[in-house]
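The chain contents come next:
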Amino acid sequence: MGAPPILELCQLDKAFGKIVIAEGIDLSVSQGEGLGIIGPNGAGKSTLFNLIAGDDRPNSGDILFDGRSINDMKPYQRSRLGIGRSYQIPQPFGKMTVFENVLTAAVFGSGTTVAEAEDRCIEILHRTGLMGEVNKPAGRLTLLQRKRLELARSLATRPRLLLLDEIAGGLTEVETQALINTIRDLRETGVTLIWIEHIVHALIATVDRLIVLNGGRIICDGKPREVIQSPEVRRIYLGVEPE
Amino acid sequence: MEWISTLLQGLLLGGVYSLFAIGLSLVFGVMRLVNIAHGDLIVLASFTSYVVVQALGVGPLMSLVIVLPTFFLFGYLVQLLVLNRTLGDDMLPPMIVTFGLSIVIQNALFDVFTADNRKLNLGPIETASFRLGNDIAIGIYPLAVFAIAIATIVALQALFYNTKLGREFRATSDDAEAARMMGINTKRVFAVATGIGMVVIAIAGVLMGVRTTFDPFSGPVRLLFAFEAVIIGGLGSIWGTLFGGIVLGLAQAIGGQIDPQFQIMTGHIVFLVVLLLRPTGFFPKVQH
Amino acid sequence: MSTIETKGLTAYYGDFQALFGVDIILRDGETTAIIGANGAGKSTVMKAITGLIKTSPEMVFIDGAPCGGREAHTAIASGIAMVPEGRRLFPSLTVEENLLLGAHCARKGPWTLERVYEVFPGLKERRRLSGTALSGGQQQMVAIGRALMSNPTSLLCDEISLGLAPVIIEDLYRNIAKLKEEGLSIVIVEQDLVRAVSVADRVYCLMEGRVSLEGRADEMSLAAIRNAYFGV
Amino acid sequence: QSRPLRIGFVSPSTGPLAGAAAGDPFVLENLRSALAGGITVDGGSKRAVEIVVRDCQSNANRSSEVAADLILREGVDIMCASIHSLTVTPVADQCELNGVPLVSSITPWETQVSGRGATPDKPFRYQLHMFWGFSEVSATYMDIWRQLKTNKVVGALWPNNTDGQGFAKGFPPLLQEQAYTLVDPGRYQDLTDDYSSIIQLFKKSGVEIISGNVLAPDWTTFWTQAAQQGFKAKAATTAAALAFASTAEQLGPLAQNHSFDLFWHPTFPYKSSITGQTAADYAAAFESSTGRQWNQIIGTVHATLETAIDTLKRSGGGDREANREALFKTNLPTIQGPIVAGSGPAPNVVITPLTGAQWRMTKGGKHPFEPIIVSNVSARDVPVAGPAEATS
Amino acid sequence: MTNQTYIVARATTASKAALVIMVSCVVVLLLVPLTGDRGSMRLIVEICYFLALAQMWNLLAGYAGLLSVGQQAFSGFGGYMLFAFVVYGGLSPLISLPLAGILAGIVSLPVAILMFRLSGPYFAIGTWVTAEVFKLVFFEIPLGGGSGMSLPIQAIRDISPTTEGRELIIYLTALAIAVGSVALVYSMLRSRFGLALTAVRDNERASASVGIDSFRLKLGVFVTVAAFTGMVGALIFLQKLRISPGSAFDVMEWSAGIIFIVVIGGIGRIEGPFVGVAVYFLLRETTANYGAWYMILLGLLAIVIMLFARQGLWGFLAERYRLTVFPIERRVRTVEPVEKAKPSNGISDTAISNLSLPPF
Ligand SMILES: Nc1ncnc2c1ncn2[C@@H]1O[C@H](COP(=O)(O)OP(=O)(O)OP(=O)(O)O)[C@@H](O)[C@H]1O
Ligand SMILES: Nc1ncnc2c1ncn2[C@@H]1O[C@H](COP(=O)(O)OP(=O)(O)OP(=O)(O)O)[C@@H](O)[C@H]1O
Ligand SMILES: [Mg+2]
Ligand SMILES: [Mg+2]
């Protein structure tokens, strides 16, 4: 520890009408940390990402990135600051090819020229296993390929903080293992990671810290193995059986 | 007194615009179909009624007995054979098709009926009115149009939001493939919906044909007002369309009272201001 | 009560051939798992069975009657319901209306709104929300509930556990086991092969549009399945 | 054998103005059979004549396009255009720029002179316009109103278009001269759906005469609303709205005694210089050939073509410049009346006769409605058929 | 892990050949004035401005996803500004053309800010109503009001004293505008803006998540297109000599006509407007004497295209025969094929987990 925080959420409140999603959430993520988020369906995990990335506004509270408030920033500004994200329900640029999808992210997210970005994109596409589909329009990908594209695109923006929303769902064992390796490699590069995932074992294998979101609050925060041993978490999230 | 009369007339004008817009609201709000041919279809209905009146020597209202089923069938077939093939994520193809349809209807009508003005006649009731006090007179016919607009809206609202058919209809418009998985015959659902839309159009066509003269090219003029009424009210909300029509009617009446020069412009400006303040209209039922 | 069978099923997306002569039998009352890597053609098989993809009549049989290529909306009338990949809820309908729509061509049976609300927690409070205002997992629940509302004889589930919390998945599979007891034929497409094989009576493994392995679940070794899975 | 002479003819055969142009095919057919053997031009040689027709689709942009096409690609020697300023003005602009003589009609002459920016010292050089102007039409209208014993309060319905603006500019001084009071609510937009504010104003100001330049649907809306709101006028005199019997028929009783400007009628005592038909013969020929009631447009359009052909004869089939010179020396008796170049209020304008008429239902006549000439102050040669009657 | 090398390719042999053909077409067009055929020159001028309008609408709707039915607001406005500059400013028409364009760009700015609050059908109708408001405004202001105004003949004569000189100058201007419109669209789409533009069209929300400022981008495109459209409008009404609110802001002619051209040719492809314009003029010139038939045929053709070949005539051909004249897409190609990975024989559970499958 000791690394300065890259992201801080202070007293974040969010509700849709009567449905409360976040109630006074405080969270601090240090530079280079890997944070996992779990929680029941509808707990507000994806909404939290929307708040951080700027797709949604909190009702009150503050979001600090690198110690500066980013509350008033638009999504594209946050992206340029270094917040990269993937969407749980993939949002490809449907009529562009897979390569162009990633290239666009590389060019605009990290501010490089097209020529510089091209090689890096190919490398990312290799890493995410999309090389076979480079020239396919993204709209024709299967669900899982779309999820890979989400990851590839968010990587291409060269994020300092990477928000991943359920990218391991639907992978085979081997693929999951490969993904874990990819994410570990990624963390080596110093990127800060927040990962929402229901495939808990994948999460445990990659993150340093795990939080559990429920009823608008963080009900548990700590080392992954400890968190999932907690009876409360077992009851509301994991079910009786251990993973 | 003068202002009260102005507002009353504006209200009645709103009824006319609503009536004109309801059919559009149906297909636009629920099928996301920007129907450019709407105005021309209304004129087509006026002409159809005209032909029936001439051929059988009945009155315009009696002609509805023939015009309504004809239009239902027409809508059903057009949807089944043409529009169904173009609906999808992209709003452009169906819009282009209706653009084309508009041109074809206008010119086909012109070929058959020439550009002469026509009118449907209802006799003395057209000019009858009753008085409220000394200065305010309310025309029976405009009032009847207003009442019919409301009745149509009540009926449609019930049909589309409280029945199984309405549910099927909205589901199909959201995601036709998924709707088919639910066992819905999507092609038929759309065809029925358009058929109903056409029935409403036919009612509007006959009532408009009584109100003033028409020729093959008089469709497009009021099309924009209809779109404005629908959008002010909010996509997918049929009550909203009545509201939108009334907003337009009142805006025009007030603008006209200030200076006839600004009557129509006031309507458009109010529309733009509404959009500025509420980009999805007042009572949107559909999320974008 | 029905047995669904495909014979030499081929399917295309434009010029691209996704299936190359797939033979599968889904026996009445049995649970069948279809597994395979991404893009193997699992979803395509499901779509062909329900008629969402056009095939020739002699490729799909229900109770021996050829019915490939018929209109998709007739499938549900013959008792086949599908939980599609990616949920596909109707945004202009509320949660409850989504569920009711599932009952569009309902036959008589145990599934009612009440039962769905009971089985899937959290939906009842949100029944007036638009289907797409729910969280990913909740949407998945609505999609399953919607399929069950038709009281089908065969239920096709395409990766239904995707994105669900473990405890919900547990529940789901418990419910599937219960459905199986009630006599439903079930087809499960799932990446988690351990889980899929554990509930299935029969297993088909697809690879690049062809069946690479088939057999009774209890007679197959995980190793053989993995082998067929990755085609090494 | 020299090349045939070509007359360009622009007309709104389709689109909203097509009703006015509906008689064109008859007019052309009638003329073509008379011209089948060609014409004898000055100097004695025979020349064939072709009339090249273009449809401007009631669209000003298209008028300009087809005029340029006739001039540049068809190489016409002289041009004819009539029916509404929408058709005439763009054609006139193209003719002026490209130096092609033009005979035009059926839009008040003021729209063709000051309306297009001509000044007395800079008149248009290529256009000869033959029609009436505001002084003729106002004299005619006032002659009708004089017969009806009104309070001389006139409510104006002038829309915001070329003709409406022309009326609004040209009319008021002439009314004032004759001690009429004008109530002008302002330029409304064509195809307005509600006239209640205007009706209120008219009611309040005690208007007994409605005058204007109104489209048929607008007139219907206005007149019906007026009746609903208890407003009645003794005289309703408009240009445009009810120019055709077919429209009057559609309106039925609402059209009875509606008065308007009538610029041609079978009782006009003139003959065609080409076919020799009298106005009455001509109207009868129209009815027997088309099976429809005659209308005033056919006479005037025939007369523009007469003038063009006469010009070609006199110029000896020379170039456009020669045609221009001949055109401005025209002195021809036509079916519309005498056309004498240089006789008008502007160098390129000729005033033609104008009468005032009212629609009357005929009881069991050949046609349900007939126009009855009730004023001839601007057409002294034409007989009056009876006195004006108040609208009911 | 792999020693393959990839290159990102854009031009194809076909596209290079096609470009040569295009350039020679322009050269041929430059020679047309030598024939002195004024009729043909006038027709080509008309084709040029329809092409330019179509390119602009295609950029707006096909690439930026801004489905405007109100572009006539800017062509009409540009036309009016030409008249204002010439009649009241005493400027030469040629200088007025770009000025009119600039003004159109400026007025489009507030329009864009208002319209961008809308999306989908709201945007389409909103732009249409805006154009209608433009029209009504020009009914009221003293540029001829409802009756419209004519361009003084003298002003046209000032372009050049001779008819031939005048026609030549206008001809060359029109040609320059047409070529300019294509060059503008092409270079814009090949640059990084092209990527951003299509990304925003396909998914605005996701485009923001990768750092694209969609508002500014769309604003830039909208204003550029409006300015260019305004300039073309000025050219159009310089040809027509007369302008009135009805003719300047005619939705059928300047919007529907252009939209038809683009969709018939193929929306979202630079080649589309070329094909569309060709079809439009072919229809119009062959049915000139049958009234509005070309509009009916155009309408029917558009319907048929939407039913059976949504990507338009060019799209249909391009997909079938893999044609592009203006390559914009970036395709990744392998340059050096590598040896096949050697097949493994024995399979065990451990072998599988160690397999170096494509990473995840
Ligand atoms: N636009 C909206 N209007 C109303 N409620 C909403 C809206 N968006 C989200 N919600 C509600 O917010 C809650 C949280 O949703 P969110 O997508 O953040 O959940 P999640 O934790 O990501 O769940 P999952 O694991 O299933 O993806 C849900 O209960 C949903 O109903
Ligand atoms: N709409 C489509 N258009 C073109 N190709 C498609 C389409 N849908 C699927 N495909 C292709 O068909 C093949 C089989 O797809 P299918 O969706 O059946 O795979 P799957 O086994 O369900 O995969 P997954 O596990 O990723 O869901 C894939 O290669 C896919 O790319
Ligand atoms: Mg989520
Ligand atoms: Mg699948």
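Notes on the structure in this doc start here. Every value quoted in this text rests on a predicted model; they were computed, and no experiment measured them. (Residues numbered from 1 in each chain as written. Chains lettered and ligands numbered in written order. Predicted model: local features only at pLDDT ≥ 70, side-chain atom pairs only at ≥ 80, totals over all residues. Heavy atoms only, no water.)

### Topic: helix H10 (residues 238-258) of chain B
Residues and elements named next belong to chain B.
So, point 1. A rise of 1.5 Å per residue sets the reference length of H10, with its 21 residues, at 30 Å; its end C-alpha atoms lie 31 Å apart and thus fit the reference within 8%.
So, point 2. With respect to burial, H10 is a largely interior element, 16 of its 21 residues being buried.
So, point 3. You can read the cap of H10 off the contacts: a side-chain oxygen lies 2.9 Å from the backbone nitrogen of glycine 240, and it is on serine 237. (Helix = DSSP H or I, 4+ residues; strand = E, 2+ residues; numbered from the N terminus. Expected span 1.5 Å × (residues − 1). Buried < 20%, exposed > 50% of the residue type's maximum accessible area, 1.4 Å probe, protein only. Polar contact = N/O pair within 3.5 Å; in protein donor to acceptor, adjacent residues only side chain to side chain.)

### A closer look at the site of ligand 2
So, point 1. Ligand 2 sits among 18 residues. The nearest are Gly39, Lys42, Ser43, Thr44 and Glu85 of chain C.
So, point 2. Neighbouring residues of ligand 2 are not confined to a single chain but are spread across chains A and C.
So, point 3. With respect to ligand 2, the backbone of glycine 41 of chain C contributes an N or O atom lying 2.8 Å from an oxygen atom.
So, point 4. Here threonine 44 of chain C contributes a side-chain N or O atom positioned 2.3 Å from an oxygen atom of ligand 2.
So, point 5. Summarising the interface, the protein chains cover 85% of the accessible area of ligand 2, which totals 630 Å² for the free molecule.
So, point 6. Taken together, the elements giving at least two residues each to the shell around ligand 2 come down to strand S2 (16-26) and helix H1 (42-50) of chain C.
So, point 7. Among the elements that make up the shell around ligand 2, the one with the highest residue count is H1 of chain C (3 residues). (Near = heavy atom within 4 Å. Areas by Shrake-Rupley, 256 points an atom, 1.4 Å probe, with all protein chains shown as cover.)

### Details of a nonpolar patch on the surface
Residue and element names in this part refer to chain B.
So, point 1. On the surface, a nonpolar cluster with roughly 370 Å² of combined accessible area is contributed by Ile125, Phe130, Leu132, Ile140 and Leu143.
So, point 2. For the nonpolar patch, the secondary structure elements donating two or more residues are strand S1 (129-132) and helix H5 (140-162).
So, point 3. Relative to the assigned elements, leucine 132 resides in strand S1. (Patch = residues over 30% accessible without salt bridge, like charges linked within 9 Å, V, L, I, M, F, W, Y side chains within 5 Å. Salt bridge = Lys/Arg side-chain N within 4 Å of Asp/Glu carboxyl O.)

### Considering the site of ligand 1
So, point 1. Near ligand 1 you find 19 residues, and of these Asn41, Lys45, Ser46 and Thr47 of chain A together with Gly137 of chain C are the closest.
So, point 2. More than a single chain frames ligand 1: its nearby residues are located in chains A and C.
So, point 3. Glycine 42 of chain A places a polar main-chain atom, nitrogen or oxygen, 2.8 Å from an oxygen atom of ligand 1.
So, point 4. Serine 46 of chain A has a polar side-chain atom sitting 2.6 Å from an oxygen atom of ligand 1.
So, point 5. Against a free-state accessible area of 640 Å², the protein chains account for coverage of 85% of ligand 1.
So, point 6. When residues of the shell around ligand 1 are traced back to their parent elements, those giving at least two are helix H1 (45-53) of chain A together with helix H5 (136-148) of chain C.
So, point 7. Split into classes, the residues belonging to the shell around ligand 1 amount to 5 nonpolar, 11 polar and 3 charged. (Nonpolar A, V, L, I, M, F, W, Y, C, P; charged D, E, K, R; others polar.)

### Examining the coordination of the magnesium ion (ligand 3)
All names here are of chain A.
So, point 1. Only Ser46 (OG) and Gln88 (OE1) from the protein coordinate the magnesium ion (ligand 3), and they sit 1.9 to 2.1 Å from it. Here glutamine 88 lies in the loop between strand S6 (83-85) and helix H3 (98-110) and serine 46 lies in helix H1, a separation of 42 residues in the sequence.
So, point 2. The exposure class of serine 46 is partly exposed, given its relative accessible area of 23%. (Donors = N, O, S within 2.8 Å, 3.2 Å for Na, K, Ca; no water.)

### Topic: the coordination of the magnesium ion (ligand 4)
Residue and element names in this part refer to chain C.
So, point 1. Within the first shell, the magnesium ion (ligand 4) binds the protein through Ser43 (OG), Glu85 (OE) and Glu85 (OE), at distances of 1.9 to 2.8 Å. With a gap of 42 residues between them, serine 43 in helix H1 and glutamate 85 in the loop between strand S6 (80-83) and helix H3 (95-102) connect regions that are remote in the sequence.
So, point 2. Residue classification places serine 43 among the buried residues on the basis of a relative accessible area of 14%.

### Quick notes on the sheet that holds strand S8 (residues 192-196) of chain A
Residues and elements named next belong to chain A.
So, point 1. Read from one edge of the open sheet, 6 strands run S6-S7-S8-S3-S9-S10, paired in mixed fashion. Two strands lie at the open edges of the sheet, namely S6 and strand S10 (217-222), each paired on one side alone. The mean inter-strand angle of the sheet, taken between neighbouring strand axes irrespective of direction, is 20 degrees.
So, point 2. In this fold helix H5 (residues 143-156) packs onto S6 and strand S7 (161-165), with an angle of close to 170 degrees to the strand it touches most, S7.
So, point 3. In this fold helix H9 (residues 231-238) packs onto strand S3 (34-38), strand S9 (209-214) and S10, with an angle of close to 125 degrees to the strand it touches most, S10. (Pairing = 2+ DSSP bridges. Axes fitted to C-alpha atoms, helices over the stretch in contact; angles between N-to-C directions. Contact = heavy atoms within 4.5 Å.)

### Side note on the packing of helix H11 (residues 263-277) of chain B against helix H5 (residues 120-140) of chain E
So, point 1. Orientation of H11 of chain B relative to H5 of chain E, taken along the N-to-C sense of each, is 145 degrees, at an axis distance of 10 Å. Crossing hand, H11 of chain B versus H5 of chain E: left-handed. Along the contact surface, H11 of chain B presents Ile264, Met265, His268, Ile269, Phe271, Leu272 and Leu275 of chain B, while H5 of chain E presents Tyr122, Gly126, Val129, Thr130, Glu132, Val133, Leu136, Val137 and Glu140 of chain E.
So, point 2. The residue makeup of the contact of H11 of chain B with H5 of chain E, split by class, is 11 nonpolar, 3 polar and 2 charged. (Left-handed = near helix turned anticlockwise from the far one by under 90°.)

### Brief notes about the interface of chain A and chain E
So, point 1. Counting residues at the interface gives 44 residues for chain A and 30 residues for chain E.
So, point 2. Taking both sides of the interface into account, the surface hidden between chain A and chain E amounts to around 3400 Å²; carbon and sulfur atoms contribute 64%.
So, point 3. For the pair chain A and chain E, the number of links is 1 salt bridge.
So, point 4. Notably, a salt bridge pairs arginine 205 of chain E with aspartate 55 of chain A, separated by 3.4 Å at the nearest N-O pair.
So, point 5. Seen at the junction of chain A and chain E, the total is 13 residue pairs in polar contact (both at pLDDT 80 or more).
So, point 6. Here the side of chain A that touches chain E gets 8 residues from one element, more than from any other, and that element is H3 of chain A.
So, point 7. For the side of chain A that touches chain E, the per-class residue count stands at 20 nonpolar, 14 polar and 10 charged. (Buried area = accessible area lost by both parts, 1.4 Å probe.)

### Remarks on the packing of helix H6 (residues 164-174) of chain B against H3 of chain C
Geometrically, a packed helix pair is captured by the angle between its two axes and the distance between the axes.
So, point 1. It is at 10 Å that the axes of H6 of chain B and H3 of chain C come closest, and there the two elements cross at 100 degrees. On the basis of the axis angle, H6 of chain B is roughly perpendicular to H3 of chain C. Along the contact surface, H6 of chain B presents Arg167, Glu168, Arg170 and Ala171 of chain B, while H3 of chain C presents Glu97, Leu100 and Leu101 of chain C.
So, point 2. Partitioning the contact of H6 of chain B with H3 of chain C into residue classes produces 3 nonpolar, no polar and 4 charged. (Parallel < 35°, antiparallel > 145°, perpendicular 65-115°, else oblique.)

### A few points about the pairing of S10 of chain A
All names here are of chain A.
So, point 1. Across 5 bridges, the pairing between S9 and S10 is antiparallel. Paired with valine 212 across the two strands is cysteine 220, which belongs to S10.
So, point 2. The loop that links S9 with its antiparallel partner S10 comprises 2 residues; one of these, glycine 215, has a positive phi angle of about 55 degrees.

### Here we look at the interface of chain D and chain E
So, point 1. At the interface, 27 residues of chain D touch 34 residues of chain E.
So, point 2. In this structure, the connection of chain D to chain E is made through 3 salt bridges.
So, point 3. Glutamate 285 of chain E is the salt-bridge partner of arginine 73 of chain D, the closest N and O atoms lying 2.6 Å from each other.
So, point 4. Every element with two or more residues in the side of chain D that touches chain E is listed here: strand S4 (49-55), helix H2 (60-72), helix H3 (85-98) and helix H6 (162-177) of chain D.
So, point 5. Partitioning the side of chain D that touches chain E into residue classes produces 6 nonpolar, 13 polar and 8 charged.

### Re the environment of valine 113 of chain D
Residue and element names in this part refer to chain D.
So, point 1. For valine 113, the location among the structural elements is in the loop between helix H4 (109-112) and strand S7 (127-130).
So, point 2. Separated by 10 residues in the primary sequence, valine 113 and proline 123 have C-alpha atoms spaced 7.6 Å apart.
So, point 3. Excluding anything up to four places from it in sequence, valine 113 contacts Ala118, Phe124, Ala346, Asn348 and Val349.

### Quick word on the packing of aromatic side chains
Given two aromatic rings, one states the distance between the centres and the angle between the planes to describe the pair.
So, point 1. All told, the structure shown has 53 aromatic pairs over all chains when counted by the stated rule.
So, point 2. Here phenylalanine 50 of chain E and tryptophan 254 of chain E contribute two aromatic rings whose centre-to-centre distance is 6.1 Å and whose plane-to-plane angle is 35 degrees, an arrangement assigned as tilted. Linking phenylalanine 50 of chain E in helix H2 (residues 38-63) with tryptophan 254 of chain E in helix H12 (residues 251-265), this pair joins segments that are 204 residues apart in sequence.
So, point 3. By relative accessible area, which is 1% here, phenylalanine 50 of chain E ends up buried.
So, point 4. The exposure class assigned to tryptophan 254 of chain E is buried, which follows from its relative accessible area of 3%.
So, point 5. Connected via pairs of aromatic rings, a cluster forms that spans Phe74, Phe77, Tyr80, Phe116, Phe123, Phe134, Phe138, Phe215, Phe222 and Phe249 of chain E.
So, point 6. Directly above the aromatic system of tyrosine 87 of chain A lies the positively charged group of arginine 85 of chain A, at a separation of 4.0 Å from the ring centroid.
So, point 7. Against the face of phenylalanine 116 of chain E rests lysine 218 of chain E, its NZ or CZ located 5.1 Å from the ring centre. (Phe/Tyr/Trp six-rings, centres within 6.5 Å; stacked < 30°, edge-to-face > 60°. Lys NZ or Arg CZ within 6 Å of the ring centre and 35° of its normal.)

Purely geometric numbers; function is a separate question.
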